[in-house]
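Chain residues, written in single-letter form:
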Amino acid sequence: MTTRVLIIEDEKPIREMLRFALERAGYAVDEAGDAAAATSLISRQRPDLMLVDWMLPEVSGVNLVRSLRRSEINRDIPVIMLTARGEEGGRVTGLEAGADDYMSKPVAIKELLARIRALLRRSRGFSKNETLQAGTIRLNIATHQVAIDGKSVHFRQTEYRLLKFFLQHPERVYSRGQLLDLVWGETVYVEERTVDVHILRLRKLLKPYGIDSMVQTVRGAGYRFSQSVGS
Ligand code: CA
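Every value quoted in this text rests on a predicted model; they were computed, and no experiment measured them. (Residues numbered from 1 in each chain as written. Predicted model: local features only at pLDDT ≥ 70, side-chain atom pairs only at ≥ 80, totals over all residues. Heavy atoms only, no water.)

**Q** Looking at this structure, I do not really get helix H3 (residues 61-70). What am I missing?
**A** Quick reminder: α-helices carry 3.6 residues per turn. Residues three or four places apart thus point the same way. Gly61, Val62, Leu64, Val65, Leu68 and Arg69 are the residues of H3 that are buried. Taken end-on, H3 shows its buried residues confined to a sector of 160°, consistent with a single buried face. (Buried < 20%, exposed > 50% of the residue type's maximum accessible area, 1.4 Å probe, protein only. Helix = DSSP H or I, 4+ residues; strand = E, 2+ residues; numbered from the N terminus. Arc of directions from axis to C-beta.)

In structure tokens, the structure reads:
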């Protein structure tokens, strides 16, 4: 699927230069010369990323970004703000308004393309459908990152896969043999008590956040991951 970038810039030569560079890099490009035109374009086709010039006639780029961030549907669109030389002081304001990144003009194309790629990677990594969630745990399938209480927690490969499996299959009891098949894979020979070792490690990772009891031992049956802490 082609990635759509919306350029919002009132100076036509700059807009055309950016369009040329982005299209060459394989992006589909839309252009708007002011905030009103941008808003109507966004409502028709949501861009994957926006380049927003700081100085626009009437509604400024900062105010445009600010209003987008208040919108439920458009608040996640990644934004790179462009500022003219000498407007660097506005950087903080731009980022506070909700821009994800910022570059000063004249824009170095190579750097801009690198920043676009980085931002797209970041925003895709955190899009909702790539995140599994239970209580205070958030697991990002794209980036393999786990956050608890908003803090990033380092998980080793096996504990990560175990947690991912549990988040995908909560409130059900799995025997050690089933977990070996489903998490480790049938082709791998591992002793059943290996499961216990990794369950223990998983609980240890959850313990500082008071949620280790989400991983429950079901006597004579196996393990269950439950949203309800404390049984
Ligand atoms: Ca401008």
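**Q** Sorry if this is basic, but what is going on with the sheet that holds strand E8 (residues 145-148) here?
**A** Across a sheet, strands are paired by hydrogen bonds formed along the backbone, either parallel or antiparallel in direction. Taken together, 4 strands build an open sheet; the order of strands is E6-E7-E8-E9 and the sheet is antiparallel. Edge strands, defined here as strands with exactly one partner in the open sheet, are strand E6 (131-134) and strand E9 (151-153). In this sheet, adjacent strand axes meet at a mean angle of 25° when their direction is disregarded. Here 4 bridges tie strand E7 (residues 137-140) to E8, and the two strands are oriented antiparallel to one another. Looking across to E8, one finds that Asn140 is bridged to Gln145. The sheet strands contacting helix H6 (residues 157-168) are E6, E7 and E8, and the helix crosses E7 at an angle near 110°. (Pairing = 2+ DSSP bridges. Axes fitted to C-alpha atoms, helices over the stretch in contact; angles between N-to-C directions. Contact = heavy atoms within 4.5 Å.)

**Q** Would you explain the coordination of the calcium ion in this entry?
**A** Four donors placed tetrahedrally about a metal ideally form angles of 109.5 degrees, and six donors placed octahedrally ideally form angles of 90 or 180 degrees. With distances of 2.0 to 3.1 Å, the protein atoms coordinating the calcium ion are Asp10 (OD), Glu11 (OE), Asp53 (OD) and Met55 (O). The sequence motif formed by the donor residues of the calcium ion is D-E-x41-D-x1-M. Of the two residues, Glu11 sits in the loop between strand E1 (4-8) and helix H1 (12-24) while Met55 sits in the loop between strand E3 (49-53) and H3, which places them 44 residues apart along the sequence. (Donors = N, O, S within 2.8 Å, 3.2 Å for Na, K, Ca; no water.)

**Q** Can you help me understand the pairing of E6 in this one?
**A** One face of the sheet, then the other: side chains in a regular strand alternate in exactly this way. With 4 bridges joining them, E6 and E7 adopt antiparallel strand pairing. Its bridge partner being in E7, Gln133 is matched across the sheet by Arg138. In sequence, E6 turns back onto E7 through a hairpin of 2 residues, with Gly135 there showing a positive phi of about 55°.

**Q** How do you make sense of the environment of Arg193 when you look at a structure like this?
**A** Looking at the secondary structure, you find Arg193 in helix H8 (residues 192-206). In sequence terms Arg193 and Met17 are 176 residues apart; their C-alpha atoms lie 62 Å from each other.

**Q** Is there a simple way to think about the nonpolar core in this case?
**A** Within the largest apolar cluster, 29 residues are counted, with the highest numbers of intra-cluster contacts made by Ile137, Leu163, Phe166 and Phe225. Looking at this core, the elements with two or more residues in it are E6, E7, E8, H6, helix H7 (176-184), H8 and strand E12 (222-225). Ranked by residue count, the leading element in this core is H6, at 6 residues. When neighbours within four sequence positions are excluded, Phe166 is seen to be in contact with Leu179, Ile199, Leu202, Val215, Tyr223 and Phe225. (Core = buried A, V, L, I, M, F, W, Y, C linked by side-chain atoms within 4.5 Å.)

**Q** Looking at this structure, how should I read the domain arrangement of the protein chain?
**A** Accessible area lost upon the coming together of the parts is a frequently used measure of interface size. For the protein chain, the assigned domains are domain 1 (4-127) and domain 2 (131-225). Measuring from the centre of the C-alpha atoms in domain 1 to the corresponding centre in domain 2 gives 40 Å. (Domains from an automatic or database assignment.)

**Q** Which parts of the structure should I look at to understand the pairing of E3?
**A** Within E3, 5 of the 5 residues are buried, leaving the element largely enclosed by the surrounding structure. In E3, alternate side chains face the same way, and those of Leu49, Leu51 and Asp53 on one face and Met50 and Val52 on the other are all buried. Pairing between E3 and strand E4 (residues 79-83): 4 bridges, direction parallel. Looking at E4, one finds that Met50 is bridged to Val79.

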